[in-house]
Amino acid sequence: MPAVKEFTTSQKPTWCPGCGNFGMWEALKRALSELGWEKHEFAVVWGIGCHGNGADFLDVKGMHALHGRAIPPATALRLTRPDLHVIVEMGDGDGYGIGLGHFVHALRRNPGITLIGHNNQIYGLTTGQASPTTDHLMPTVSTPSGVLEQPVNPIGLAIAEGATFVARGFAGDVAHLAMLFKQALEHKGLALVDVFQPCVTWNHVNTFQWFRERAYKLEEREWDTSDRDAAFELSMTTFHELTCTPETCRVPIGVFYRREGVPAYEDGVPAASEPGWKCAEQPRDVSSIAATLG
Ligand code: SF4
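Let me begin by describing the structure that accompanies this report.

### Overview of empty space enclosed by the protein
Consideration 1: The final tally for this structure, using the stated rule, is 1 cavity of 30 Å³ or more.
Consideration 2: Looking at the largest cavity, its volume works out to about 60 Å³.
Consideration 3: In terms of lining residues, the largest cavity is bounded by Trp 15, Asn 21, Met 24, Trp 25, Leu 28, Trp 46, His 51, Gly 54, Leu 58, Glu 89 and His 118.
Consideration 4: Here the lining of the largest cavity gets 4 residues from one element, more than from any other, and that element is helix H1 (residues 21-35).
Consideration 5: For the lining of the largest cavity, a count of residues per class yields 6 nonpolar, 4 polar and 1 charged.

Right, dumping it as structure tokens:
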């Protein structure tokens, strides 16, 4: 069983000091270590963004995909290697913006992959433009008069599209986040953990303090995670207004909804029951093909 420190590469993280990515990095390493999986039993696919630089800092097998395109190769990996636990690390501009189509279709397919959303509500890597989850009316570099659109709601989308494990975490509570990651990783089918990951450089509204003053844990309220209607209604609770005070807006974190026993996408794909890599273990007679080539 790899220890936490064995998931750390020799590369020094380049994230800004205090960035929420540090907490997520730590929580994932802790979850993987506590699950006791050997390194050959899982793989991670990163999208593009500050979070994606984690590909250099987490010592695991995996790949750094194109912007918004981490989910398709992760799904393909799961189909060809259904014995692997496959994790996607994606950003809000990445997974909920340019990759939103892949996100929605993955939700309705239910492949056995774990999606971890680094939701800092801003484009950090490209220096502070509004992202799909930036608060309504919040001024940013690209929207100096404030964002006119309502933010994308990853939790509500996931529940509406049939996801079977939907949770929200906070990068400032590493122990709680590691617990959510472990549950998500053990879930059969697609699991989403959307994580508030403060960007200390470009988002001066949704800070660590902002979340600490508003977040509460669902499991401390005897929340029924099997009640899909209640989970969807809760997901629609708005706290994306600049007028949101700690008294008027509370931010639930924890498992919103989970449903066990739903077949995963790969269960219905005949080829997944006899993966190509297993076939490849058998020597194949290619002499007839070679003969046609002279
Ligand atoms: Fe983190 Fe923001 Fe710095 Fe990117 S720009 S590393 S998200 S603090």
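That covers the picture; the talk isn't over yet.
### What to know about a negative patch on the surface
Consideration 1: A contiguous patch of negative charge on the surface is contributed by Asp 224, Asp 227, Asp 229 and Glu 233.
Consideration 2: Along the polypeptide, Asp 229 turns up in helix H8 (residues 228-235).

### Details of the sheet that holds strand S3 (residues 85-91)
Consideration 1: An order of S2-S1-S3-S4-S6-S5-S8-S7 is seen for the 8 strands of this open sheet, with the pairing classed as mixed. With one partner strand each, in any of the chains shown, strand S2 (62-64) and strand S7 (215-217) form the two edges of the open sheet. Ignoring strand direction, the axes of neighbouring strands in this sheet form an average angle of 20 degrees.
Consideration 2: With 6 bridges connecting them, strand S4 (residues 113-119) and strand S6 (residues 191-196) associate as parallel partners. Each bridged residue has a counterpart across the sheet, and for Gly 117 the counterpart in S6 is Asp 194.
Consideration 3: Of the strands in this sheet, strand S1 (42-46), S2, S3 and S4 touch helix H2 (residues 71-80), which is tilted by about 180 degrees from S3.
Consideration 4: The sheet strands contacting H8 are S7 and strand S8 (251-258), and the helix crosses S8 at an angle near 150 degrees.

### Remarks on the packing of H1 against helix H6 (residues 174-186)
When two helices pack together, their arrangement is given by the angle between their axes and by how far apart the axes lie.
Consideration 1: Across the interface, H1 lies against H6 with an axial gap of 8 Å and an inter-helix angle of 50 degrees. In terms of orientation, H1 and H6 fall into the oblique class. The two elements H1 and H6 cross, and the hand of that crossing is right-handed. Facing Gly 23, Met 24, Glu 26, Ala 27, Leu 28, Arg 30, Ala 31, Leu 32, Glu 34 and Leu 35 of H1, the residues of H6 in contact are Val 174, Ala 175, Leu 177, Ala 178, Phe 181, Lys 182, Leu 185 and Glu 186.
Consideration 2: In terms of residue class, the contact of H1 with H6 is built from 12 nonpolar, 1 polar and 5 charged.

### Considering the pairing of strand S5 (residues 165-170)
Consideration 1: For S5, the tally of buried residues reaches 6 of 6 residues, placing the bulk of the element in the interior.
Consideration 2: Here S5 shows two buried faces, one formed by Phe 165, Ala 167 and Gly 169 and the other by Val 166, Arg 168 and Phe 170.
Consideration 3: As paired strands, S5 and S6 are joined by 5 bridges and run parallel to one another. By the bridge assignment for S6, Val 166 is matched with Leu 192.
Consideration 4: Considered for its hand, the β-α-β crossover made up of S5, H6 and S6 is right-handed.

### Digging into the pairing of S3
Consideration 1: In terms of burial, S3 is a largely internal element, 6 of the 7 residues being buried.
Consideration 2: Here S1 pairs with S3 via 5 bridges, running parallel. Bridging from a neighbouring strand, Val 45 pairs with Val 88 of S3.
Consideration 3: Pairing of S3 with S4, which is carried by 6 bridges, proceeds in the parallel orientation. Bridge pairing links Val 88 to Leu 115 in S4.

Analysis parameters
- Residues numbered from 1 in each chain as written.
- Predicted model: local features only at pLDDT ≥ 70, side-chain atom pairs only at ≥ 80, totals over all residues.
- Heavy atoms only, no water.
- 1 Å grid on protein atoms, 1.4 Å probe; cavity = no way out; pocket = protein on both sides within 12 Å on 5 of 7 lines; lining within 4 Å.
- Points joined across faces, edges and corners; volume = space filled by probe spheres on them.
- Helix = DSSP H or I, 4+ residues; strand = E, 2+ residues; numbered from the N terminus.
- Nonpolar A, V, L, I, M, F, W, Y, C, P; charged D, E, K, R; others polar.
- Patch = residues over 30% accessible without salt bridge, like charges linked within 9 Å, V, L, I, M, F, W, Y side chains within 5 Å.
- Areas by Shrake-Rupley, 256 points an atom, 1.4 Å probe, with all protein chains shown as cover.
- Salt bridge = Lys/Arg side-chain N within 4 Å of Asp/Glu carboxyl O.
- Lys, Arg positive; Asp, Glu negative; His and termini not counted.
- Charge placed at Lys NZ, Arg CZ, Asp CG, Glu CD.
- Pairing = 2+ DSSP bridges.
- Axes fitted to C-alpha atoms, helices over the stretch in contact; angles between N-to-C directions.
- Contact = heavy atoms within 4.5 Å.
- Parallel < 35°, antiparallel > 145°, perpendicular 65-115°, else oblique.
- Left-handed = near helix turned anticlockwise from the far one by under 90°.
- Buried < 20%, exposed > 50% of the residue type's maximum accessible area, 1.4 Å probe, protein only.
- Right-handed = clockwise from strand over helix to strand, strands pointing away.

By themselves, these figures tell us nothing about what the structure is for.
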